[in-house]
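# Chains, contacts and geometry: an overview
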Amino acid sequence: MEQYYQKEIETASVDELRRIQSEKLVKQVKRVWDNVPYYRKKMEEKGVTPDDIKSVDDLHKLPFLSKKDLRDAYPTGLLGAPMKDCVRIHSTSGTTGKRVVAFYTQHDIDLWEDCCARAIVAAGGTNEDICQVAYGFGLFTGGAGLNGGSHKVGCLTVPISSGNTDRQMMFIQDLGATIICCTPSYAAYISERYKEEGYAPEDIPLKAGIFGAEAWSEEMRQEIESSLGIKAYDIYGLTELSGPGVAYECSAQDGMHINEDHFIAEIIDPDTEEVLPEGSQGELVFTAVDKEAFPMIRYRTRDICKLTRGKCSCGRTFIKMAKPMGRSDDMLIVRGVNVFPSQIETVLLNNGYAANYQIVVDRQNNTDSLDVQVEMTPEMFTDNVGEIEERQKKLATDMHSMLGIKVRISLLAPKSIARSEGKAVRVIDKRKI
Ligand code: DLL
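Residues numbered from 1 in each chain as written. Predicted model: local features only at pLDDT ≥ 70, side-chain atom pairs only at ≥ 80, totals over all residues. Heavy atoms only, no water.

Turning our eyes to something else, we now look at the pairing of strand 12 (residues 299–305). Burial analysis of strand 12 places six of its seven residues in the buried class, which makes it a mostly covered element. Of the strand pairs in this sheet, strand 11 (residues 282–288) and strand 12 are connected by four bridges, and their pairing is antiparallel. The partner of E283 across the bridge, within strand 12, is I304. Summarising the sheet, strand 12 and strand 15 (residues 326–327) pair through two bridges and their orientation is antiparallel. Of the residues in strand 15, the one forming a bridge with I304 is G326. (Buried < 20%, exposed > 50% of the residue type's maximum accessible area, 1.4 Å probe, protein only. Helix = DSSP H or I, 4+ residues; strand = E, 2+ residues; numbered from the N terminus. Pairing = 2+ DSSP bridges.)

Shown next, in the form of structure tokens:
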């Protein structure tokens, strides 16, 4: 039987959800107008006042917030609550030079942890489970969010953080951990280490994994599920909207239910900013209707995906988002063609490779080149040049039909690419260096 953490809201009628969203939106816009001069100015520039917002149907009248706004207002320009009411911050790594610092009141943390608890229960978690939280702890939101959610569900929580893979395996085996939460690339690495140590999937007590924080393909899901002997569930979120748990997968494992009582989702055309009808692919935009300390209204995530509302076999009524293709900033434009790393991953895994690859883009003599370096698995490893060339040719042909451009393939020996314990770095774009 399907279990829910907060059944009433997770299975509420669509009309009821809209009613709740409208009521909260009206209040939130008023609160932001009164407390966040930065956003009020944006509203004034657009000629909108809180009186214009009567329901979710008026959402489109409000201005967008973008990464640039977050940068301009850094660090406290978007605070929606007095600093004395804030109890914590989290932050992104800022590797791309765009560090985001998000603030939380105790109420914000409470609702965030509820969202993560919903995700754990949707993945089959109960208070009988032992939940190993192997996302990073600290400024990153992954560890703290799932740790809090796991407590709320009543799981025995193992706040191990990421890394030290032998210790991860030791705790899983010795305590009998049944749920693991980490990035999919780290899950793939843990499964690789298990294989090396001679474990079969049935020797591993895990039954479910809650994986997110980076784009991963369906093929990678199958690979992780079969090698660890688990069900792998997707979870989505971003620091600006608290962290993990904005959306989560259920037993149907075909898209993530968005916690619509807290987040209103829209899909827009990233170029024209026009709101697109349900089912269209475009940029995901969220309005957080409950967040106090860091209220985000019409925040442009840059994540590209689709929304669909339909009857889900799990009984939840929340709208679903498909796996994001990746961020629009991760999208590579190579010789004028749009390429998402996730498309490359799909071709590799369909050909029996593991997700140990790197994409190198360069430009020479005004022409872009795309190189995919992928490790051979230990089973396919050979020094027979003819065989390697055959394999490279096959991959290049499949890449060409998936992407429509020529790709150079380099097959590498097993273990030549560094493993990731958090978010994997797949792309090296030398054109930007
Ligand atoms: O990655 C929060 C998180 C932690 C989500 C743990 C899930 C699990 P940020 O570091 O701010 O926050 O990065 C947010 O990561 O805009 C997406 O581009 C990407 N992302 C997050 N989850 C997924 C996912 C956390 N399930 C950015 N699939 C987002 C694809 C994801 N991309």
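Here we take up the nonpolar core. Ranked by size, the top nonpolar core spans 80 residues in total, and within it L146, Y236, I258, L284, F286 and M321 carry the most contacts. The element contributing the most residues to this core is helix 5 (residues 106–122), with nine residues. If we ignore the near neighbours within four places in the chain, the residues touching I258 are V246, A247, F263, A265, F286, L307, F318, I319 and M321. Within the second largest apolar cluster, 48 residues are counted, among which are I204, L349, A355 and I405. (Core = buried A, V, L, I, M, F, W, Y, C linked by side-chain atoms within 4.5 Å. Contact = heavy atoms within 4.5 Å.)

The subject of this paragraph is the state of the cysteines. Going through the model one piece at a time under the given rule, you end up with zero disulfides. Not part of a disulfide, C250 finds its nearest cysteine sulfur in C314, a span of 3.6 Å. Taking the relative accessible area as the measure of exposure, C250 reaches 0% and is therefore buried. Of all cysteine sulfurs, the one in C314 lies closest to C312, which takes part in no disulfide; the gap is 3.5 Å. (Disulfide = S-S within 2.5 Å.)

We now examine the side chain of E214. Examined against the element boundaries, E214 turns out to sit in the loop between strand 6 (208–212) and helix 9 (218–228). With no salt bridge to any partner, buried E214 finds its closest opposite charge in R426, at an N-O distance of 4.9 Å. Among the polar contacts made by the side chain of E214, one reaches the side chain of S185 at a distance of 2.6 Å. Here E214 is in contact with T183, P184, S185, G422, K423 and A424, once residues within four sequence places are set aside. (Lys, Arg positive; Asp, Glu negative; His and termini not counted. Salt bridge = Lys/Arg side-chain N within 4 Å of Asp/Glu carboxyl O. Polar contact = N/O pair within 3.5 Å; in protein donor to acceptor, adjacent residues only side chain to side chain.)

This part is about the environment of M376. You can see M376 is positioned in the loop between strand 19 (367–375) and helix 11 (385–403). It is 9.8 Å that separates the C-alpha atoms of M376 and S410, two residues lying 34 residues apart in sequence. The residues touching M376, leaving out its near neighbours within four places in the chain, are Y353, F381, T382, I388, L411, L412 and P414.

Let us look at helix 10 (residues 341–350). Residues spaced three or four apart along an α-helix point in a common direction, a consequence of the helix completing one turn every 3.6 residues. The buried fraction of helix 10 is high, at nine of ten residues. Among the residues of helix 10, those classed as buried are P341, S342, Q343, I344, E345, T346, V347, L348 and L349. Looking at the buried positions of helix 10, the neighbouring elements they touch are helix 9, strand 17 (337–339), strand 18 (357–364), strand 19, helix 11 and strand 21 (427–429). Following helix 10 by one or two positions, G352 adopts a phi angle in the positive range, close to 90°.

Glancing now at the packing of helix 8 (residues 184–196) against helix 9. In contact at an axis separation of 10 Å, helix 8 and helix 9 are set at 35° when each is read in the N-to-C sense. Two packed elements cross with a definite hand, and for helix 8 against helix 9 that hand is left-handed. Of the residues in helix 9, those in contact with P184, S185, A187, A188, S191, Y194 and K195 of helix 8 are M220, E223, I224, S227 and L228. When grouped by side-chain class, the residues that make up the contact of helix 8 with helix 9 number seven nonpolar, three polar and two charged. (Axes fitted to C-alpha atoms, helices over the stretch in contact; angles between N-to-C directions. Left-handed = near helix turned anticlockwise from the far one by under 90°. Nonpolar A, V, L, I, M, F, W, Y, C, P; charged D, E, K, R; others polar.)

Turning to the pattern of salt bridges, a few remarks are in order. Within this structure, the stated rule accounts for 39 salt bridges. A salt bridge links R19 to E23; its shortest N-O distance comes to 3.0 Å. Residue R19 and its partner E23 are located together in helix 2 (residues 14–35), separated by four residues, close to a single helical turn. Classification of E23 as partly exposed rests on a relative accessible area of 44%. As a salt-bridge pair, D34 and K30 come within 2.9 Å of each other at their nearest N and O atoms. Remark: K30 and D34 occur in helix 2; sequence separation between them is four residues, near one turn of the helix. A relative accessible area of 43% places K30 in the partly exposed class.

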